[in-house]
Amino acid sequence: MKRAYLLLAIGSLMTLASCKKDFLDMRPQQSVFTTDVFSSLSTARAAVNGLYSSMQSYSYYGRDAFVIPEVLSDNATRSIKSGNRYTGMNTMTHAATDANVGRMWDQMYRVVINANAVIDNEEKLKGIVAPLDLPELIQLIGEAYAVRALVYADLAKFFSRPLKFTSDGSHLCVPLVLKQPTTVSEVTYPARNTAAEVYAQIDSDLTKALERLPQSGNVIVSGADNAAWFKVRFNRWSTLALKTRVAVYKEDWTTAVATATEVINSGRYTLYPYGSMVPDFRTPGNSEAMFEVVNNTNDNAGTDGLAYLCSQQGYGEVLATRQSMNRQTGATAATFKGLYEAYSGSDVRRQFIALGNRNSIGGETNVPLALKYVNIVNYQENLKILRFSEMYLSRAEALGRLALQNSDAAALANSVADLTLLRNRRDTATISRPLNVTLSGAPPTGSISLPAYLDSVILERRREFALEGQRLFDLNRTKTNYVKISTAGSATSRLIDYNAAPTSFYNRTILPIPNGELAVNTKLIQNPGF
């Protein structure tokens, strides 16, 4: 791990160097020693820009962070006509030698190390910049804290069980690397921290970010508020949205309600209209976008990116699932619900997985295509990390779970109002099918129980965030049994039962620690089953 993190540190700082012409004249030792690199506000700007640029990598949000959680879930599968991408994950046989796993781990920690470099130089930079530039500098430091919180939240979801997997969060998560080494002797061999420790650090980073980001929610660029950066840089509202997401994964329902409400009441975002959701979703900086990773004609992952993998004019290898793909039999067959069948015919979101044919000789016909990201003409489709609809769904779930815990009728009514608002915006037929939920006891005809209602909230999350990299994590945190479709139904499906003794398929609902890391750090312990 010492060698691995040293190489990451050197590589990351070289990345920072490439973000600003002034860095090109660095002395060789400055690859590790960062003291001289942060010498002005412009260097801090370049470093923070570098954080966002690093997130665009196909090993992170440029592709893998979207694809892996969908392919490992009941939402997506790989076509029978494919290259060598996601081979093991397609059948839930992936190993610690999987190249996608190693690259993702490296890229995430590269972003962490770059964020550490910005954070560690806060006081030095405060002593350098002019007083008029101080608000922008403080904002940049806040952005670095928010980015680090996001990456650690992602690392925790991909490489560890949810926080509540153990009652005290004592199970292993990922190593916390919080300081940028300035000498070779400072490079450490970090062991895995517990989930409780990692989530405490995420909370701390979010608090520090919110203390530093402008209370207005605006983004300062070159000394002035700049609306063009509002959706592609962390600001107060997108950081609160991230805090909401983290609270849901922690099952901290009170915090989730409070932070989601603050975002909703900000008035800065609106839900897509029913009639224009599909083109609106594909428009950079749209009304629901809260935080996006930029893709444009000159800056994109190209043939390695998400759109090229999904578009039938590109590789076209990722497909959504449908009922006919299931090759489980007997009692387990009922466990599977295809993504296509999750939508009614009047649900506008079904257009994102419309039926079509694989554009490859011998490929599948009449299958749900993955159509959320398909622009390979000019690649001008920003990658959505946080959307406004998540605030309504998170608040609906949090209020519903508080209603269940406390027999709170008012919380339930407010939860149903949130879910109804979103359902009606996405599927106009639901307007004539109102939700009637019984707080306790057997529900009368035409009503559903509160536990069944909470299942419907998770189903709505499946519909809303399909192919956006959230499904596997919702299944893991709610322990919802499912069937994984292998190779579009041409291979045996995999049953994941969270209530049974762990199987090799269950073990693979999280990723292994990469073998390359284990080889250089004996303190690291592998996840069970790998």
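The shown structure was predicted, so the numbers you read here are calculated from the model rather than taken from an experiment. (Residues numbered from 1 in each chain as written. Predicted model: local features only at pLDDT ≥ 70, side-chain atom pairs only at ≥ 80, totals over all residues. Heavy atoms only, no water.)

## Observations concerning the side chain of Arg-161
The cut-off we apply is this: Only DSSP runs of H or I covering at least 4 residues are called helices, and only runs of E covering at least 2 are called strands; the numbering of each starts at the N terminus. Throughout, exposure labels follow a simple rule: accessible area from a 1.4 Å probe, protein chains only, divided by the maximum for the residue type, with under 20% read as buried, over 50% as exposed, and the rest as partly exposed. We score Asp and Glu as negative and Lys and Arg as positive, and we do not count His or the chain ends. Salt bridges are counted wherever a side-chain nitrogen of Lys or Arg sits within 4 Å of a carboxyl oxygen of Asp or Glu. We define a polar contact as two N or O atoms separated by no more than 3.5 Å, with the added condition that, inside protein, one atom must be a possible hydrogen donor and the other a possible acceptor, whereas residues neighbouring each other in sequence contribute only through side-chain atom pairs. Contacts are residue-level and defined by heavy atoms, with any inter-residue pair within 4.5 Å sufficient.
Mapping Arg-161 onto the fold places it in the loop between helix 7 (134-159) and helix 8 (195-212). Notably, Arg-161 is buried but unbridged: the nearest opposite-charge side chain belongs to Asp-497, and the N-O separation is 12 Å. Side chain to side chain, Arg-161 and Thr-509 meet in a polar contact 2.7 Å long. With residues up to four places along the chain from it excluded, the contact list for Arg-161 reads His-171, Asn-476, Tyr-506, Asn-507, Thr-509 and Ile-510.

## Quick word on helix 5 (residues 99-120)
Heads up, the rule is: Here the expected span of a helix is defined as 1.5 Å times the quantity of residues minus one.
The terminal C-alpha atoms of helix 5 lie 31 Å apart, and with 22 residues this matches the ideal 32 Å at 1.5 Å per residue to within 8%. Two or three places before Asn-100, at the opening of helix 5, Asp-98 has a side-chain oxygen 2.8 Å from that residue's backbone nitrogen.

## Comments concerning the pairing of strand 4 (residues 289-293)
Cut-off, in case you're wondering: DSSP bridges decide pairing: two strands pair if at least two such bridges lie between them.
Most of strand 4 is tucked away: 5 of the 5 residues are buried. Summarising the sheet, strand 4 and strand 8 (residues 383-387) pair through 4 bridges and their orientation is antiparallel. Paired with Phe-291 across the strands is Leu-386, a residue of strand 8.

## Let's talk about the layout of surface pockets
Counted only if it meets this: The pocket and cavity definitions rest on a 1 Å grid over protein atoms only: a 1.4 Å probe that fits but cannot leave marks a cavity, an open set with protein on both sides within 12 Å along at least five of seven lines marks a pocket, and residues lining either have an atom within 4 Å of a point. Grid points are joined across faces, edges and corners, and a volume is the space filled by probe spheres set on the points. Under the grouping applied here, Gly and all other residues not named as nonpolar or charged are polar, the nonpolar ones being Ala, Val, Leu, Ile, Met, Phe, Trp, Tyr, Cys and Pro and the charged ones Asp, Glu, Lys and Arg.
Considering only enclosed or pocket space, the largest pocket measures out at about 600 Å³ in volume. In terms of lining residues, the largest pocket is bounded by 30 residues, among which Asp-455, Ile-458, Leu-475, Thr-478 and Thr-480 are the most central. Every element with two or more residues in the lining of the largest pocket is listed here: helix 13 (389-406), helix 15 (450-464) and helix 16 (471-478). When the residues that make up the lining of the largest pocket are grouped by side-chain class, the tally is 10 nonpolar, 8 polar and 12 charged. Of the voids in this model, the second largest pocket is the one considered here, and its volume is about 270 Å³. Forming the walls of the second largest pocket are 13 residues, and the residues nearest its centre are Tyr-52, Ser-53, Trp-229, Val-294 and Asp-299. Put simply, the parts of the chain that give the lining of the second largest pocket at least two residues each are helix 2 (41-54) and strand 4. When the residues that make up the lining of the second largest pocket are grouped by side-chain class, the tally is 6 nonpolar, 4 polar and 3 charged.

## Some remarks on the environment of Arg-425
If you trace the backbone, Arg-425 turns up in helix 14 (residues 409-426). It is 5.4 Å that separates the C-alpha atoms of Arg-425 and Tyr-274, two residues lying 151 residues apart in sequence. The residues touching Arg-425, leaving out its near neighbours within four places in the chain, are Leu-271, Tyr-272, Pro-273 and Tyr-274. Looking at Arg-425, its side chain comes within polar contact range of the main-chain oxygen of Leu-271, at 3.2 Å. One polar contact links the side chain of Arg-425 to the main-chain carbonyl oxygen of Tyr-272, over a distance of 3.5 Å.

## Quick word on the nonpolar core
The criterion, for reference: Take the buried residues of types Ala, Val, Leu, Ile, Met, Phe, Trp, Tyr and Cys, join any two whose side-chain atoms come within 4.5 Å, and each joined set is a nonpolar core.
Among the nonpolar cores identified, the biggest contains 141 residues, and Met-55 and Tyr-453 are the most heavily contacted of them. Per-element tally for this core: the top contributor is helix 7, with 16 residues. Beyond its immediate chain neighbours, meaning those up to four positions away, Tyr-453 contacts Ala-396, Leu-412, Ser-415, Val-416, Leu-419, Leu-435, Val-437 and Ile-448. Ranked by size, the runner-up nonpolar core spans 9 residues in total, among them Met-325, Leu-371, Val-483 and Ala-488.

## A few points about the pattern of salt bridges
Pairing between side chains of opposite charge can happen when the charged atoms of each approach one another. Applying the stated rule across the entire model yields 32 salt bridges. In this structure, Lys-250 and Asp-203 form a salt bridge, with 2.5 Å as the shortest nitrogen-oxygen distance. With a gap of 47 residues between them, Lys-250 in helix 9 (residues 236-250) and Asp-203 in helix 8 connect regions that are remote in the sequence. The salt bridge partner of Arg-387 is Glu-468, with a shortest N-O separation of 2.8 Å.

## Considerations on the packing of helix 5 against helix 7
Put simply, the rule reads: A fitted line through C-alpha atoms serves as each axis, taken over the contacting stretch for helices, and the angle formed by two N-to-C directions is quoted from 0 to 180°. Here the angle decides the label: under 35 degrees means roughly parallel, over 145 means roughly antiparallel, 65 to 115 means roughly perpendicular, and every other value means oblique. When the near helix sits turned anticlockwise from the far one by under a right angle, the crossing is termed left-handed; a clockwise turn instead gives a right-handed crossing.
For the pair helix 5 and helix 7, the least separation of the axes is 9 Å and the interaxial angle reads 155°. Comparing their axes, helix 7 and helix 5 come out roughly antiparallel. Regarding helix 5 and helix 7, the two cross each other, and that crossing is left-handed. Facing Val-101, Met-104, Trp-105, Met-108, Tyr-109, Val-111, Val-112, Ala-115, Asn-116, Val-118 and Ile-119 of helix 5, the residues of helix 7 in contact are Leu-140, Ile-141, Ala-144, Tyr-145, Val-147, Arg-148, Val-151, Tyr-152, Asp-154, Leu-155, Phe-158 and Phe-159. The residue inventory of the contact of helix 5 with helix 7, partitioned by class, reads 20 nonpolar, 1 polar and 2 charged.

## Thoughts on empty space enclosed by the protein
In this structure the tally under the stated criterion is 6 cavities of 30 Å³ or more. The computed volume of the largest cavity comes to approximately 150 Å³. What lines the largest cavity is a set of 17 residues, and nearest its centre among them are Tyr-61, Arg-245, Glu-468, Gly-469 and Gln-470. A total of 4 residues in the lining of the largest cavity trace back to one element, the largest contributor, which is strand 8. Of the residues belonging to the lining of the largest cavity, the class tally is 8 nonpolar, 2 polar and 7 charged. Taken as a whole, the second largest cavity holds about 100 Å³ of empty space. Every residue lining the second largest cavity is counted, 14 residues in all, and those nearest its centre are Asn-295, Gly-305, Leu-306, Ala-307 and Tyr-379. Split into classes, the residues belonging to the lining of the second largest cavity amount to 6 nonpolar, 7 polar and 1 charged.

## Re the packing of aromatic side chains
Selection criterion: Here the aromatic set is Phe, Tyr and Trp, taking the six-membered ring for Trp, and pairing holds for ring centres within 6.5 Å; pairs whose planes are under 30 degrees apart are stacked, those over 60 apart are edge-to-face, and all others are tilted.
Enumeration according to the criterion identifies 18 aromatic pairs in this entry. With a centroid separation of 5.1 Å and 50° between ring planes, the pair formed by Trp-105 and Tyr-109 is classed as tilted. Residue Trp-105 and its partner Tyr-109 are both found in helix 5; the two are separated by 4 residues, about one turn of the helix. Exposure class is identical for Trp-105 and Tyr-109. Each is buried. What links up through ring pairs into an aromatic cluster is the set Tyr-60, Tyr-61, Phe-66, Tyr-272, Phe-281, Phe-352 and Tyr-373.

## A short note on the confidence of the model for the protein
Formally: Per-residue confidence from the predictor is reported as pLDDT, which spans 0 to 100.
When pLDDT is averaged across the protein, the result is 92; 92% of the residues are at 70 or more. Predicted confidence for residues 13-33 stays below pLDDT 50, and this span has 41 contacts to residues more than four positions away or in other chains.

## Structural notes on unusual backbone geometry
Of note in this structure, Tyr-86 is not a glycine but carries a positive phi near 60°. If you trace the backbone, Tyr-86 turns up in the loop between strand 1 (76-78) and helix 4 (87-90). We note that Tyr-379 has phi near 65°; this positive angle belongs to a residue other than glycine.

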